[in-house]
Amino acid sequence: MKATGVVRRIDDLGRIVIPKEIRKVLRIKEGDPLEIFTDKEGEVILKKYSPIGELSEFASGYAETLSKTTGHIACITDKDTVIAVSGGSKKEFLEQDLSQELEQLMDDKEAYISKENNEVSIPVIKNEGKERKFNSQIVYPIIAQGDVIGSVILLSKDPKTKMGETEKKVVESAAGFLGNQMDI
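Throughout what follows, the structure given in this document is the object of discussion. These numbers come from a predicted model, not from an experiment.

## A short note on the pairing of strand S3 (residues 73-77)
Logical step 1: With five of five residues buried, S3 is to be regarded as a mostly interior element.
Logical step 2: Burial along S3 is two-sided: the face carrying Ile73, Cys75 and Thr77 and the face carrying Ala74 and Ile76 are both buried.
Logical step 3: Relative to strand S7 (residues 147-156), S3 is paired through five bridges, and the arrangement is antiparallel. Residue Ala74 lies in a different strand from S7, and its bridge partner there is Leu154.
Logical step 4: The pairing of S3 with strand S4 (residues 82-86) spans four bridges and is classified as antiparallel. By the bridge assignment, Thr77 is partnered in S4 with Val82.
Logical step 5: Counted between consecutive antiparallel strands, the loop separating S3 from S4 contains four residues.

## Let's talk about the nonpolar core
Logical step 1: Ranked by size, the top nonpolar core spans 23 residues in total, and within it Ile52, Ile76, Ile142, Ile149, Val152, Val171 and Leu178 carry the most contacts.
Logical step 2: Contributing elements (two or more residues each) for this core: helix H2 (56-70), S3, S4, strand S6 (136-144), S7 and helix H5 (165-183).
Logical step 3: Among the elements that take part in this core, H5 stands out by supplying five residues, more than any other.
Logical step 4: Formed by 18 residues, the second largest nonpolar core is a distinct cluster that contains Val82, Phe93, Ile122 and Val139.

## Some details on the pattern of salt bridges
Logical step 1: This model, assessed by the stated rule, comprises seven salt bridges.
Logical step 2: In this structure, Asp11 engages Arg15 in a salt bridge whose closest nitrogen and oxygen atoms are separated by 2.8 Å.
Logical step 3: Overall, the relative accessible area of 29% leaves Asp11 in the partly exposed class.
Logical step 4: Ionic pairing is found between Lys68 and Glu64, a salt bridge with its closest N-O pair at 3.0 Å. Of this pair, Lys68 and Glu64 both sit in helix H2, separated by four residues, roughly a single helical turn.

## Considering the sheet that holds strand S5 (residues 112-113)
Logical step 1: Read from one edge of the open sheet, five strands run S4-S3-S7-S6-S5, paired in antiparallel fashion. Strand pairing shows two members of the sheet lacking a second neighbour, S4 and S5, which therefore form its edges.
Logical step 2: Its contacts with the sheet put H2 on S3, S4 and S7, and the angle it makes with S4 is roughly 35°.
Logical step 3: This element, helix H4 (residues 100-107), spans S3, S5, S6 and S7 of the sheet and lies at about 125° to S7.

## Some details on the pairing of strand S1 (residues 34-38)
Logical step 1: Strand direction decides the pairing type here: S1 and strand S2 (residues 44-48), joined by five bridges, are antiparallel. Paired with Phe37 across the strands is Ile45, a residue of S2.
Logical step 2: Counting the residues that bridge the hairpin from S1 to S2 gives five residues, and of these Gly42 lies at a positive phi of roughly 85°.

## A closer look at H4
Logical step 1: All of the buried residues in H4 are Leu102, Glu103, Leu105 and Met106. Down the axis of H4, the buried side of the element spans an arc of 160°, and every buried residue falls inside it.
Logical step 2: Buried-residue contacts for H4 involve S3, S5, S6 and S7.

Parameters at a glance
- Residues numbered from 1 in each chain as written.
- Predicted model: local features only at pLDDT ≥ 70, side-chain atom pairs only at ≥ 80, totals over all residues.
- Heavy atoms only, no water.
- Buried < 20%, exposed > 50% of the residue type's maximum accessible area, 1.4 Å probe, protein only.
- Helix = DSSP H or I, 4+ residues; strand = E, 2+ residues; numbered from the N terminus.
- Pairing = 2+ DSSP bridges.
- Core = buried A, V, L, I, M, F, W, Y, C linked by side-chain atoms within 4.5 Å.
- Salt bridge = Lys/Arg side-chain N within 4 Å of Asp/Glu carboxyl O.
- Contact = heavy atoms within 4.5 Å.
- Axes fitted to C-alpha atoms, helices over the stretch in contact; angles between N-to-C directions.
- Arc of directions from axis to C-beta.

Any functional reading would require information that these geometric values do not contain.
The following block contains the structure:
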């Protein structure tokens, strides 16, 4: 555990303010759920809660099935990081922070499909840079109880590949299925 040097008092309602700098570094926004842990030494640990993260093993299997079925790279994310990847480099994607563009797409509850080879794909991870890595791409938000909890992404580096209706339906179905798993 890392000490921050910040000390806060609990108010009369039992609340404590997490400093803005720490919220920014940990990407905690207003309304984000936090999970509370305690240990035997009396420490209280707050962790950003990821509902889809609880399904990470299941998501890994689903990403593998998507990749084998479509022949493309498949990624499944929560709202902050890639939690499952298949068909591509796990080192490149797995547990990497998402790009602001992808986060904004999810916040807007929008799907993204690059229809033509000349259309620029949005960066998936934070440090992906400006170079165009993927020729074709589909991003579909995972929605549970009206809230976006992550996304399903198909990617292709092949310059001849164009994502069509079939890939769109597969990704949409996967996102719907994962969202329904959270509602159960």
